[in-house]
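For reference, the chains in residue letters:
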Amino acid sequence: MSDSLLPYAVKTAKQAKKAAVRVRRRVQRINTVPTLGTTVRPRPMLVPVHLSILGGRTLNVAVPLPEGEEDVATARLELVRNAERSSVPLVREPMGGAVLLTATVALRHATAPGTAPAARDDGRPGALALGSGVWRFSAVLVHGDGRETRVDLAAPDQRADDGPTVPSPPCPATGAVFRPMRSVNGRALLKVSGPARQAELVDLDLRWDRVTVHGRLLGRRLPADQYTAEAVRRGTGKSAAARVAWDGDTFTFDLPLAAMTRGQRTERTWDVHLRVGRTRLKVARRLTDVRNPKQVFRTPYRIIALDGGSVVRVHAYVTPAGALAVACAEFTADEDA
């Protein structure tokens, strides 16, 4: 590198370092909740070797056995929220001359009393039920004489991640979110959120005479048969209704392509919704860990012959936000598709 370019390279490196620090601090602020997460008298903390939520519903924890605690007979991991406590056993595992205490347990969202249960559950035995709110991690070490030592878990470093997947995806079965967080004093927390009301896109059936949408309604507040399906054209508010077939909370309907393209030779884009009263729920692919659904869930253009004899060009696709959109137009058989 020439001497004339060296100052610019140094300046660029400093700017990149400052940008990385700003991003790391922003990630830490996003993943920090305004709670101390401790009692009046602070407890000692263990720094986990690993703490994560795998697949949106499986908790994985590994912490080192503290020095001087070799006489520990059993140990357990506790999650505490106010007066509630849930616990799972910690298993001793040797690792490179040290001892780790590990736990792997399935999680499920526990609904509050008097509310409707989730439309679909994991169905996995032994799943740990946690209600909505912020839970604090603690490790309880039980000695041979029955004496207990309780230590809190420190939050692992939060790294900026711009990979193809998000760090805390929703549970693919129920839509609940289990998100590792940190308190303002650095303790590890778990924020549990119940499933939001949404219309989840499960599958798109692209045929030569129709496009069929398969989905599932989460967090519904009214009977499913009160929801209707419609496509809404962007920029105009014009809508086209579709007939929905229900099976519990799952729904199926064909896109109303005839009404969407009748007399329309210019391609227009439509958004697909479920509607009840004045509330519209976008049909979308949200129960996934994919950061950019449009780049992953790719669909081809289709030439579709409708029952009325018209031929349409259709592209049903998923937007970067995961919502289902349809670009379509009518054309005659002798036009170049």
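Fair warning: this is a prediction, and the values are worked out from it, not measured in the lab.

A. Main features of the side chain of Thr-288. Looking at where Thr-288 falls in the secondary structure, it is placed in the loop between β19 (279-284) and α3 (293-296). With relative accessibility at 15%, the residue Thr-288 sits in the buried group. With residues near it in sequence (within four places) discarded, Thr-288 still touches Pro-169, Pro-170 and Phe-297.

B. Molecular detail of the pattern of salt bridges. Using the criterion set out here, one finds 16 salt bridges in the structure. For Asp-209, the salt bridge identified is with Arg-210, shortest N-O distance 3.2 Å. For the salt bridge of Asp-254 with Arg-210, the shortest nitrogen-to-oxygen distance reads 3.7 Å. Of this pair, Asp-254 sits in strand β17 (residues 250-254) while Arg-210 sits in the loop between β12 (198-206) and β13 (211-218), and the two are 44 residues apart along the sequence.

C. Up close: the packing of aromatic side chains. Per the stated rule, a full pass over the model turns up three aromatic pairs. An angle of 55° between the planes, with centres 6.4 Å apart, marks the rings of Tyr-227 and Trp-246 as tilted. With Tyr-227 in the loop between β13 and β14 (228-233) and Trp-246 in strand β16 (residues 244-247), the pair connects residues that are 19 residues apart, well separated along the chain. Judged by its relative accessible area of 2%, Tyr-227 is buried. Centroid distance Phe-251 to Phe-253: 6.0 Å. Interplanar angle 15°. Geometry classified as stacked. Residue classification places Phe-251 among the buried positions, given a relative accessible area of 1%. In this structure an aromatic cluster arises from ring pairing among Tyr-227, Trp-246, Phe-251 and Phe-253. The aromatic ring of Phe-297 is capped on one face by Arg-285, whose charged end is 4.3 Å from the ring centroid. Positioned over the ring face of Trp-208 is Arg-302, at 4.2 Å from the centre of the ring.

D. Summary view of the nonpolar core. Grouped together as the largest cluster of nonpolar side chains are 32 residues, with contacts concentrated most on Val-213, Phe-253 and Leu-274. Excluding anything up to four places from it in sequence, Leu-274 contacts Ala-199, Leu-217, Tyr-227, Thr-228, Ala-229, Trp-246, Phe-251, Phe-253, Thr-279, Arg-280, Leu-281 and Val-283. Core analysis: the second largest hydrophobic core is formed by 31 residues, Leu-46, Leu-51, Leu-65 and Phe-137 among them.

Definitions and limits used
Residues numbered from 1 in each chain as written. Predicted model: local features only at pLDDT ≥ 70, side-chain atom pairs only at ≥ 80, totals over all residues. Heavy atoms only, no water. Helix = DSSP H or I, 4+ residues; strand = E, 2+ residues; numbered from the N terminus. Buried < 20%, exposed > 50% of the residue type's maximum accessible area, 1.4 Å probe, protein only. Contact = heavy atoms within 4.5 Å. Salt bridge = Lys/Arg side-chain N within 4 Å of Asp/Glu carboxyl O. Phe/Tyr/Trp six-rings, centres within 6.5 Å; stacked < 30°, edge-to-face > 60°. Lys NZ or Arg CZ within 6 Å of the ring centre and 35° of its normal. Core = buried A, V, L, I, M, F, W, Y, C linked by side-chain atoms within 4.5 Å.

Everything listed is a geometric property; what it means functionally is a separate question.
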